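Listed here are the chains, written in short residue letters.
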Amino acid sequence: MRLSELGERGFLAELERRGLAQRIENDAAQLDDGRVVTQDALLEGVHFRLDWISWRDLGFRAAAVNLSDIAASGAEPEGLLVSASLPPETELGDVLELYEGIAEAGVPVLGGDTTRAERVYLNVTAFGRSDRVPGRAGAQPGDAVVVTGSLGAAGAAFREGRFVRPPLRIEEGKKLARAAHALLDVSDGLAVDAGHIAERSGCRIVIELERVPLAPGAATGDLGFGEDYELLAATQEPLGFREIGRCEQGEGVELLLSGEPVELGGWDSLRS
């Protein structure tokens, strides 16, 4: 079987089934001392195009997508490890701009690695500490489904041949983590990420799309693009965040627009 047939979730499940990985269930790995660790890779031609994004914005993006997982863990970030694989002809000024963009995320780079490569490849590890990680498995029937901000900006920008800077939701993540039954970031698309909570929690999630706040220029179809990096949570009370749906008995995800079922796609790193 090829990876494109298996998909990311199927691949991770296969690793766990064979005992080659364990506890792969939340946005970040959770260690016994409250420390959380996450890692994301950005590969030129797969995750970004240098004719669509500046080196500074690329650096900020590399940091922010990792910090989004830290936020989804309700953690305070403590540091980043940055490994940069770069073509030898890359200008020093461009690489300095890349790291200046990383610095704009407000979390120190404490180490990493460099090597040469045919294309730009960034691998960032973020770590922090959390008093409570809600994870994806605690949503209960009767919970409200809330989101921390508008969605669809990434999809709308992509249609225009550009990228947008991901939001940083560290404080929102800490607030939600104190009470939420389940919490993750919206990186793979609204339906896909809601599905992660539904599957792990053993419940059904119903989302009313007309209640989802859309970013300027975004359309409903952009909700399936992913890369919005807002936080999605199942909570007993909305806690001041926008309520877009509910958890029910059952399984899977139902998307409704004016009461009618709607289907949205999503991102899979091994298929897309």
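A quick note: this is a predicted structure, and the numbers were derived from the prediction, not measured.

Conventions used here
Residues numbered from 1 in each chain as written. Predicted model: local features only at pLDDT ≥ 70, side-chain atom pairs only at ≥ 80, totals over all residues. Heavy atoms only, no water. Salt bridge = Lys/Arg side-chain N within 4 Å of Asp/Glu carboxyl O. Helix = DSSP H or I, 4+ residues; strand = E, 2+ residues; numbered from the N terminus. Buried < 20%, exposed > 50% of the residue type's maximum accessible area, 1.4 Å probe, protein only. Axes fitted to C-alpha atoms, helices over the stretch in contact; angles between N-to-C directions. Parallel < 35°, antiparallel > 145°, perpendicular 65-115°, else oblique. Left-handed = near helix turned anticlockwise from the far one by under 90°. Contact = heavy atoms within 4.5 Å. Nonpolar A, V, L, I, M, F, W, Y, C, P; charged D, E, K, R; others polar. Core = buried A, V, L, I, M, F, W, Y, C linked by side-chain atoms within 4.5 Å. Expected span 1.5 Å × (residues − 1). Bend = angle between axes of the 7 residues up to and from the residue. Pairing = 2+ DSSP bridges.

### Quick look at the pattern of salt bridges
Stage number 1. Going through the model one piece at a time under the given rule, you end up with 22 salt bridges.
Stage number 2. Among the ionic pairs, aspartate 33 bridges to arginine 35, the shortest N-O distance being 3.9 Å.
Stage number 3. With a shortest N-O distance of 2.7 Å, arginine 159 and aspartate 222 are connected by a salt bridge. With arginine 159 in helix α4 (residues 153-159) and aspartate 222 in the loop between β8 (204-208) and β9 (231-235), this residue pair connects regions lying 63 residues apart in the sequence.
Stage number 4. A residue is classified by how much of its surface remains accessible, and arginine 159, at 53% relative accessible area, is exposed.
Stage number 5. What makes aspartate 222 buried here is its relative accessible area of 7%.
Stage number 6. Each of Arg56, Asp57, Glu100, Glu104 and Arg165 takes part in a single network of salt bridges with overlapping partners.

### Concerning the packing of helix α2 (residues 55-72) against helix α3 (residues 92-103)
Stage number 1. Contact geometry of α2 with α3 gives a least axis separation of 6 Å together with a crossing angle of 40 degrees. Classed by the angle they form, the pair α2 and α3 counts as oblique. Remark: the crossing between α2 and α3 carries right-handed chirality. Of α3, the residues touching α2 (which contributes Trp55, Arg56, Leu58, Gly59, Phe60 and Ala63) are Asp94, Glu97, Leu98, Glu100, Gly101 and Ile102.
Stage number 2. A per-class count over the contact of α2 with α3 returns 6 nonpolar, 2 polar and 4 charged.

### Comments concerning the nonpolar core
Stage number 1. Phe48, Leu58, Leu67, Ile70, Leu80, Leu122 and Leu176 are the most contacted members of the largest nonpolar core, which has 41 residues in total.
Stage number 2. Among the secondary structure elements, those contributing two or more residues to this core are β2 (35-43), α2, β3 (75-86), α3, β5 (121-130), β6 (144-147), α5 (170-177) and β9.
Stage number 3. Once you skip the residues sitting within four places of it in the chain, phenylalanine 48 turns out to touch Leu42, Leu43, Ile53, Leu58, Val120 and Phe163.
Stage number 4. Within the second largest apolar cluster, 24 residues are counted, among which are Val145, Ile207, Ala234 and Leu255.

### What about helix α1 (residues 3-17)?
Stage number 1. The first and last C-alpha atoms of α1 sit only 16 Å apart over 15 residues, clearly below the 21 Å expected at 1.5 Å per residue.
Stage number 2. Helix geometry: α1 is bent most strongly at arginine 9, by close to 75 degrees.

### Details of the pairing of β2
Stage number 1. In terms of strand pairing, strand β1 (residues 29-30) meets β2 through 2 bridges, oriented antiparallel. Across the sheet, glutamine 30 pairs through a bridge with valine 36, a residue of β2.
Stage number 2. Adjacent in sequence and paired antiparallel, β1 and β2 are bridged by 4 residues, among which glycine 34 carries a positive phi angle near 85 degrees.
Stage number 3. Pairing geometry for β2 and β5, over 9 bridges, is antiparallel. Bridging from a neighbouring strand, arginine 35 pairs with arginine 129 of β5.

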